[in-house]
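Each chain, letter by letter, is given below.
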Amino acid sequence: MQVAPPSPLLKRLPPGAWVVLAWCGGMAFTFLLRLQLPGEWYPAARPAAQFFRWDGQVDMAVATALALAGGALLRRRPLWALVLLLAASALGTMPLGVAEIPLPQFLAAEVAVFFIAAGRPRATGVVAVLLALAVLGGYLAVRLICGWPITTSSETAVALTTVIAWLLGNSVRESREHAEELRVRAATQAVTDERLRIARELHDMVAHSIGVIALQAGAARRVIDTQPDRARDALGEIETAGRQTLSGLRRMLGGLRGPEQGRMAPPVPLEPAPTEPAPMEPGHPQPGHPEPGHRESGLGLADLDRLAATITQAGVRVDVRRSGEPRPLPPEIDVSAYRIVQEAVTNVVRHAGTTSCRVSIGYRDDEVRIEVLDDGRGGDAEGGYGLIGMRERVGVLHGTFAAGPRPGGGFRVEARLPVPTGVR
């Protein structure tokens, strides 16, 4: 069942207005009880002798003025406003000729107790309800001292409704505080998740780039005397990888320093210093400009062939195999799938001690399956940080992840990322 939204008028009414309305409603009800309404043989309550006299009317007028003043003061001085409302309740009861403060005369004070308990600290709410109960008990005590009869049962019912008003207001305050606590906790968790995401991005990017740089540097050192052209190409790959890594670091640091959390700053082009020009080979991308066909919005599975070519040039042949029908994927799945492959291949390059590995991408109706196999010595020489990062990426996307040594030797990484129904 759909609940209709509250009226804009009800949203705009301040607590003091509700208190005044409660007082006016109670007074109207009091007069109606002492009038013979249509269909009745006699009034529901017998009016006292002073009810319609000038002194009784003056008492009610003064009580109404006190109630109006209490309503106006409720937001700024809640306890003083409650004192005025309690005085109005006691004064408005005198012309009625009853043995207790009736609920219609105490209704405005109960509404004030509710709003004080809902919008003020717990201690203020407790003081308010104790003050209201003290007035009820004091009214009965004065009548007993004067030798007048009292109605304990009726006053107990009024006291009970006052406590209920305080409990309701206290529940509203606790619910509001709990909602605020959840909001702060969610904001803190969002910041933590963003930091973890940035940490994963930094790890994937830096670890991959350093691995490629180390391999290319070793290859250049071995052939610099016998094959200077290959050494030059390796040095160009080192320069490109270094510039791309620095550019990515600048983007992430710019996002961390930006005014909006969670948004990455636009890429900052990394230009060579004017005093030390860095000429690039014709086949290499220029700093600050993506390669042809590279999507500026982020990497994805479409970039696997370029990643495989880079790793192959570094000395570890990467065989990419695809099964199923390739299709567009949501950006978060596409980027995470690429990063998982990149991290797994980087681990092969750095720790497996092998010259080849195989990457399999399987497109299925409800998921994308990623598998990276190698025939090296197995294990994760990083102490597990790379695997932890991959496992976190898969967990965020509600997928499954498995990694471990193969029975016949080598290492295997498998990830299954579910694909939403709308993009299958």
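Further up the page is the structure itself.
Residues numbered from 1 in each chain as written. Predicted model: local features only at pLDDT ≥ 70, side-chain atom pairs only at ≥ 80, totals over all residues. Heavy atoms only, no water.

Visitor: Give me a nonpolar patch on the surface: which residues, what numbers.
Guide: On the surface, a nonpolar cluster with roughly 340 Å² of combined accessible area is contributed by Leu32, Leu35, Leu37 and Phe52. On the secondary structure map, Phe52 appears in the loop between helix H2 (15-33) and helix H3 (54-73). (Patch = residues over 30% accessible without salt bridge, like charges linked within 9 Å, V, L, I, M, F, W, Y side chains within 5 Å. Areas by Shrake-Rupley, 256 points an atom, 1.4 Å probe, with all protein chains shown as cover. Salt bridge = Lys/Arg side-chain N within 4 Å of Asp/Glu carboxyl O. Helix = DSSP H or I, 4+ residues; strand = E, 2+ residues; numbered from the N terminus.)

Visitor: Tell me what's going on with the side chain of Glu371, and back it up with residues and numbers.
Guide: Relative to the helices and strands, Glu371 resides in strand S3 (residues 367-374). At 3.2 Å, the side chain of Glu371 and the side chain of Arg369 are in polar contact. Apart from the residues within four sequence positions on either side, Glu371 is in contact with Arg358, Val359, Ser360, Arg412, Val413 and Glu414. (Polar contact = N/O pair within 3.5 Å; in protein donor to acceptor, adjacent residues only side chain to side chain. Contact = heavy atoms within 4.5 Å.)

Visitor: Describe in detail unusual backbone geometry, supporting the description with residues and values.
Guide: Despite not being glycine, His398 has its phi angle at roughly 60°, a positive value. Tracing the backbone shows His398 in the loop between helix H11 (385-396) and strand S4 (400-405). Residue classification places His398 among the exposed positions, given a relative accessible area of 69%. (Buried < 20%, exposed > 50% of the residue type's maximum accessible area, 1.4 Å probe, protein only.)

Visitor: Before we move on, can you summarise the pairing of S3 with the specific residues and values?
Guide: The side chains of a regular strand alternate, first on one face of the sheet and then on the other. Counting buried residues in S3 gives eight out of eight residues, a clear majority hidden from the surface. Relative to S3, strand S2 (residues 356-363) runs antiparallel, the two being bridged by seven bridges. Residue pairing for S3: Val359 is matched across the bridge by Val372. In textbook terms, the turn of a hairpin is the stretch between consecutive antiparallel strands, and for S2 and S3 this stretch comprises three residues. (Pairing = 2+ DSSP bridges.)

Visitor: So what about the packing of aromatic side chains? Which residues, and what values?
Guide: For the structure on display, the rule yields one aromatic pair. The interplanar angle of 75° and the centroid separation of 5.2 Å between the aromatic rings of Phe114 and Phe115 together place this pair among those described as edge-to-face. Phe114 gets classed as partly exposed once you look at its relative accessible area, which sits at 24%. (Phe/Tyr/Trp six-rings, centres within 6.5 Å; stacked < 30°, edge-to-face > 60°.)

Visitor: Run through the pattern of salt bridges, naming residues and quoting values.
Guide: In the structure shown here, the tally under the stated rule is 16 salt bridges. As a salt-bridge pair, Glu180 and Arg183 come within 2.6 Å of each other at their nearest N and O atoms. Of the two residues, Glu180 and Arg183 both sit in helix H7 (residues 152-223), three residues apart, roughly one turn of that helix. Among the residues examined, Glu180 registers a relative accessible area of 38% and is labelled partly exposed. One network of salt bridges, in which partners are shared, links Arg364, Glu367, Arg369, Glu371, Arg412, Glu414 and Arg416.

Visitor: Let's hear about the layout of surface pockets: which residues, and what values?
Guide: What the second largest pocket holds in volume is close to 290 Å³. Every residue lining the second largest pocket is counted, 15 residues in all, and those nearest its centre are Gln216, Ala219, Arg230, Gln313 and Ala314. Listed by contribution, the elements that provide at least two residues to the lining of the second largest pocket are H7 and helix H8 (228-257). With six residues, the single largest contributor to the lining of the second largest pocket is H7. Considering only residue class, the lining of the second largest pocket consists of six nonpolar, five polar and four charged. (1 Å grid on protein atoms, 1.4 Å probe; cavity = no way out; pocket = protein on both sides within 12 Å on 5 of 7 lines; lining within 4 Å. Points joined across faces, edges and corners; volume = space filled by probe spheres on them. Nonpolar A, V, L, I, M, F, W, Y, C, P; charged D, E, K, R; others polar.)

Visitor: Let's hear about empty space enclosed by the protein: which residues, and what values?
Guide: Scanning the entire structure with this criterion turns up two cavities of 30 Å³ or more. By volume, the second largest cavity is sized at about 30 Å³. Lining the second largest cavity, in full, are Leu304, Leu307, Ala308, Val318, Val320, Val341, Val345 and Val359. Within the residue set of the lining of the second largest cavity, elements represented by two or more residues are helix H9 (304-313), strand S1 (317-323) and helix H10 (331-352). For the lining of the second largest cavity, the leading source of residues is H9, giving three residues. Of the residues contributing to the lining of the second largest cavity, the split by class is eight nonpolar, no polar and no charged.

Purely geometric stuff here, so don't read any function into it on its own.
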